[in-house]
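# Architecture and fold: a report
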Amino acid sequence: MSTNTASALDLKNNYSAVSETYRGTDLDIHAVCREQLLKSPIYEGDFIAQFGVPTNAGIQQGTRPTFALFKYQDVMAVLRDGNTYTNGFIAEGLGAFFDGLVILAMDGEPHRKVRALLQPAFMPESVNKWRGQIDEVIREEFLKPLVPQKKADLMEFGLELPIRIMYALMGFPTDDPSKYKQYAAWALAMVGGNQIDPAKMEEARKRAGIAVKGLYDAIQEVVVRRRAEGSQGDDVIGRLLRAEYEGRTLDDHEVITFTRSLLPAAGETTTRMFSSVMALLLTTPGLLERVKADRSLIPKLMDETARYEPVATFKVRETAKDVEFHGVKIPKGSFVQCMVVSANRDPDVFENPDVFDIDRKLKPSFGFGFGPHMCIGQFIAKVEISCSINAILDLFPNIRLDPSKPAPVIAGAQLRGVSSLPVIWD
């Protein structure tokens, strides 16, 4: 096996490579946004450039008039209006690494139709049917074997669990862990192809190319077998095989490419959110004891984490017509960077916004996006994380951070999360 192929197969290394790509400079993105907001609620120019991370515009980043917005109401106005602020440019940016139909890069009626095909598999009524199975997998396959060790890095669990669950929900066989880990590694390699560092670009794109082909072939094998068996099942592949799109059923290529475009988010973003939830649970004074005693607080814990430390710190859209914000004219064809990380801490909307407080009055935030492109998998992510927290608190008595290891730090200019979560228990 060549070095390039081997690196495209390694789940942990590819996760780390994506983290490194989106970590960015040493600037504190929260502090930089606060400073900017004091100057103006709109920034004329490529605000993201100072952090040294890619956007979903890919190599188009910086090639068009670019503006950034920081206020809650402004970000909401952009994200909810899919007609004025479009996503089609992603097909040539990040979407170029997916070599086909990408729901994130669709707009208007085509997006609505495809979303309608996929949405039922991800709604609470569907996801809740899997809750018992998810809980069993977490406890039996992952956590109970760790109990006698009395210590662990929870990020190893956090990296592997979401792909194990999500790939089952997608319709992949789960009897061979090496296979779905390989698929997840390929999916990450595709995300890692969106590289802006010239020194790393060629190698990252080569790995992405290997991943695009490898993942297509792997999904094709599953799709062909599932169609031959009768296209049954409530999983995503089963639903796509039976679905009608524009008055016809999807062919194998369409099922494969839709499935492939969903896979990068299937585990990676859940892993990062889990890491931030656990880090805040274990470092916020008094919070762990409260949640241990009252598990009904877990949904509030997750929602406040998504507000306070969103995994995706910004979203980019393209203007389909001339618009104006705060007296600044934004021409048609411009990129608008919606600074979610700032909007989620807008003092006009959230009291004491820089304080992590699970008791605050719930208001919509943008941790899972907003509007027509809101994260389709958010309910699954919340079920996985909720079941994980409950199981960890049940099985690891007196869990606490390992005092012999560095404390976890939530980092990243984009795709924020924790790289290590060392814990011990009695």
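Our structure is the block above this text.
A quick note: this is a predicted structure, and the numbers were derived from the prediction, not measured.

The rules behind these values
Residues numbered from 1 in each chain as written. Predicted model: local features only at pLDDT ≥ 70, side-chain atom pairs only at ≥ 80, totals over all residues. Heavy atoms only, no water. Buried < 20%, exposed > 50% of the residue type's maximum accessible area, 1.4 Å probe, protein only. Helix = DSSP H or I, 4+ residues; strand = E, 2+ residues; numbered from the N terminus. Pairing = 2+ DSSP bridges. Arc of directions from axis to C-beta. Salt bridge = Lys/Arg side-chain N within 4 Å of Asp/Glu carboxyl O.

### Notes on the pairing of strand S2 (residues 66–69)
Burial along S2 is two-sided: Thr66 and Ala68 facing one way and Phe67 and Leu69 facing the other are all buried. With four bridges joining them, S2 and strand S10 (residues 335–338) adopt parallel strand pairing. Its bridge partner lying in S10, Ala68 is registered against Gln337.

### Some words on helix H5 (residues 108–118)
Within H5, burial applies to His111, Val114, Arg115, Leu117 and Leu118. Looking down the long axis of H5, one finds its buried residues gathered within 155 degrees of arc, a one-sided arrangement.

### As for the pattern of salt bridges
On inspection of all chains with the given rule, the structure shows 29 salt bridges. Residues Asp346 and Lys71 are paired through a salt bridge, measuring 2.8 Å at the closest nitrogen-oxygen approach. Within this pair, whereas Asp346 is found in the loop between helix H15 (340–343) and helix H16 (378–395), its partner Lys71 is found in the loop between S2 and helix H4 (72–80), the two being separated by 275 residues in sequence. The buried category is assigned to Lys71, whose relative accessible area is 17%. Here Arg360 ties to Glu304 by a salt bridge, and the two come within 3.1 Å at their closest N and O atoms. Of this pair, Arg360 sits in the loop between H15 and H16 while Glu304 sits in helix H14 (residues 298–308), placing them 56 residues apart in sequence. A single network of salt bridges, built from pairs that share partners, joins Arg34, Glu309, Arg345, Asp354 and Arg416.

### A look at unusual backbone geometry
If you check the backbone angles, Lys150 has positive phi at about 60 degrees while not being a glycine. Checked against the element boundaries, Lys150 lands in the loop between helix H7 (131–143) and strand S4 (151–153). A positive phi is found at His326, a non-glycine position, where the angle reads about 50 degrees. With respect to the element layout, His326 can be found in the loop between strand S8 (323–325) and strand S9 (328–330).

From the geometry alone we can't say anything about function, so treat these as descriptive.
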